[in-house]
Amino acid sequence: LLDGIFCVGCGAQIQTNAKNELGYTPMSALKKGLETDEVYCQRCFRLRHYNEIQPVSLTDDDFRRLLGQIADTKALIVYVVDIFDFTGSLIPGLHRFVGDNPVLLVGNKADVMPKSLKRTKLTNWMRQQANINGIRPIDVTLVSAKKGHSVADLMSKIDNYRQNRDVYVVGVTNVGKSTLINAIINSQTGIHNLITTSRFPGTTLDKIEIPFNDGAKLIDTPGIIHQDQMAHYLGAKELKYVSPQKEVKPIVYQLNEQQTLFMGGLARFDFIQGDKSSFVLYFENNLMLHRTKLEKADTFYLKHAGTLLVPPTSEAMEQFPELQRHEFRTREKSDVVINGLGWITVPANVTIAGWAPKGVSVIIRTAMI
Ligand code: GDP
């Protein structure tokens, strides 16, 4: 029925089912639009009327196709990551799509990182992690899109590096890319005026374009959805225990070998072998942590997940995947990352295991802090 209807803004095919996907329009708006022969998707409608970008996501294949176009273009790539969920922010194969284009790496959500952590240490760490993933950024910068911190700085860096080229903003869903674009639109850079004076900025399928005054454009690309995010297994209420809204306060545990920590019922950490030492936990401040003996941990989880160990709630527990065990031996101070949830900093020369719901990855990396 909607086959022949396209958004006059971005050209996406109009649909009324999937809110976060391209071309979504609420039925009521669609009816109104059809009366005047001007159907906008919700994203373009909001951009047009409120200068506000809404997040939209693409499947992996569509996203790759989109990135493929970037490789053939001369452009500055602004790669936005969630600094608290760096692993979950990685775009597989990005380095191939980038080609020779310069990459400006932007760590968003800097406001949730502990204030005690030196910002240069953080940017150095980000650079190192990017290198491991085949990306050599020309610069690394930290912002808080939500608080508007350092957005002006970012804009002057963008202006400096783009040299009349277009700018592509890329990132996986949930890193705060839309919030950042909105902050950019609302920052004192002149873009605000441009966007309201240009008749309508979105002109191509699947991208939103914001003009600079030299004719180049800042292009917001849809986010890619990572399937192994913890967020996929949680309801709206439980999500607040996963995505920190405020500065994360690290929690230190002195652990002996053969001890276990539970992060609610969502994840588990075993200290299997090594000298008694400090382990530092970086999780959302309200996520409940519980210490027990390793030998009792399995039965403890079976008995208490969904009741003492929450989230998940007991109802959610029925659908919640089993925890899977990932064992590591460290050679240097490392972070054990539960993808999308947080991490535990562990000393050198210990054997540990991280447990996460089946489908959510657990990785080990050089300690961030
Ligand atoms: P997108 O999918 O990448 O476009 O992400 P959104 O802009 O929709 O943001 C995803 C979530 O992260 C929302 O709950 C935002 O409020 C939150 N968020 C975005 N930027 C920041 C930030 O700078 N700090 C914090 N603490 N949260 C942020």
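In this text the structure is predicted, and so the values were computed from the model without any measurement.

Q: Residue-level account of the overall build of the chain, with values.
A: A count of helices and strands for the chain gives 12 helices and 18 strands. Across the 369 residues in the chain, those meeting the buried criterion constitute 42%.

Q: Talk me through helix H6 (residues 119-132); I want residue IDs and the actual numbers.
A: A rise of 1.5 Å per residue sets the reference length of H6, with its 14 residues, at 20 Å; its end C-alpha atoms lie 20 Å apart and thus fit the reference within 8%. Buried within H6 we find Trp125, Met126, Gln129 and Ala130. The buried residues of H6 occupy an angular sector of 140° when the element is viewed end-on, so they sit on one face. Away from its buried face, by an angle of more than 90 degrees, H6 presents the exposed residues Thr120, Lys121, Asn124 and Asn131. Buried-residue contacts for H6 involve helix H4 (86-89), strand S3 (103-108) and strand S4 (139-142). Of the residues one or two after H6, Gly134 is the one with positive phi, at around 85°.

Q: Report on the nonpolar core, specifying residues and quantitative values.
A: Counting residues in each nonpolar core, the largest one holds 48 residues, and the members touching the most others are Ile77, Val78, Tyr79, Leu105, Val167, Tyr168 and Val169. Of all the elements, strand S2 (residues 75-82) adds the most residues to this core, at 7 residues. Not counting residues up to four positions away in its chain, the partners in contact with Leu105 are Tyr79, Val81, Met126, Ala130, Pro137 and Val140.

Q: Just give me the short version of the sheet that holds strand S18 (residues 362-366), but keep the residues and values in it.
A: In a beta sheet, neighbouring strands are held together by backbone hydrogen bonds and run either parallel or antiparallel to one another. Taking strand neighbours across the sheet as the criterion, the 5 strands line up as S9-S12-S16-S15-S18 in an open arrangement whose pairing is antiparallel. The two strands at the open ends of the sheet, each matched to only one other strand, are strand S9 (251-255) and S18. Strand-to-strand, the axes of this sheet are offset by a mean angle of 25°, without reference to chain direction. Where S9 lies against strand S12 (residues 277-283), 5 bridges are found, and the strand directions are antiparallel. Bridge pairing in S12 places Tyr253 opposite Phe279.

Q: Outline the sheet that holds strand S11 (residues 267-273), listing residues and values.
A: The strand order across the open sheet formed by 5 strands is S13-S10-S11-S17-S14, and the pairing between neighbours is antiparallel. Looking at which strands have only one partner, the edges of the open sheet turn out to be strand S13 (289-293) and strand S14 (323-329). Going across the sheet, the axis of each strand differs from the next one's by a mean of 20°, ignoring polarity. Alignment of S11 against strand S17 (residues 351-357), held across 5 bridges, turns out to be antiparallel.

Q: Outline helix H1 (residues 27-36), supporting the account with residue identities and numerical values.
A: The buried fraction of H1 amounts to 1 of the 10 residues, a small share that puts the element mostly on the outside. Positive backbone phi, at 70°, marks Asp37, one or two positions downstream of H1.

Q: Any chance you could break down the pairing of strand S10 (residues 259-263) for me, citing the residues and the numbers?
A: Burial analysis of S10 places 5 of its 5 residues in the buried class, the great majority of the element. Covered by surrounding structure in S10 are Gln259, Leu261 and Met263 together with Thr260 and Phe262, the residues of both alternating faces. Relative to S11, S10 runs antiparallel, the two sharing 5 bridges. Paired with Phe262 across the strands is Arg268, a residue of S11. Once S10 ends, the chain turns through 3 residues before running back antiparallel as S11, passing Gly264 with a positive phi of about 50°.

Q: So, the environment of Tyr24: which residues are in play, and what are the values?
A: Relative to the elements of secondary structure, Tyr24 occurs in the segment before H1. Residues Tyr24 and Tyr40, spaced 16 residues apart in sequence, show a C-alpha to C-alpha distance of 8.9 Å. In this structure Tyr24 touches Gln15, Ala18, Lys19, Cys41 and Gln42, once residues within four positions along its chain are discounted.

Parameters at a glance
- Residues numbered from 1 in each chain as written.
- Predicted model: local features only at pLDDT ≥ 70, side-chain atom pairs only at ≥ 80, totals over all residues.
- Helix = DSSP H or I, 4+ residues; strand = E, 2+ residues; numbered from the N terminus.
- Buried ≥ 20, exposed ≤ 12 C-beta atoms within 10 Å, placed from the backbone.
- Expected span 1.5 Å × (residues − 1).
- Arc of directions from axis to C-beta.
- Contact = placed C-beta atoms within 7 Å.
- Core = buried A, V, L, I, M, F, W, Y, C linked by C-beta atoms within 7 Å.
- Pairing = 2+ DSSP bridges.
- Axes fitted to C-alpha atoms, helices over the stretch in contact; angles between N-to-C directions.

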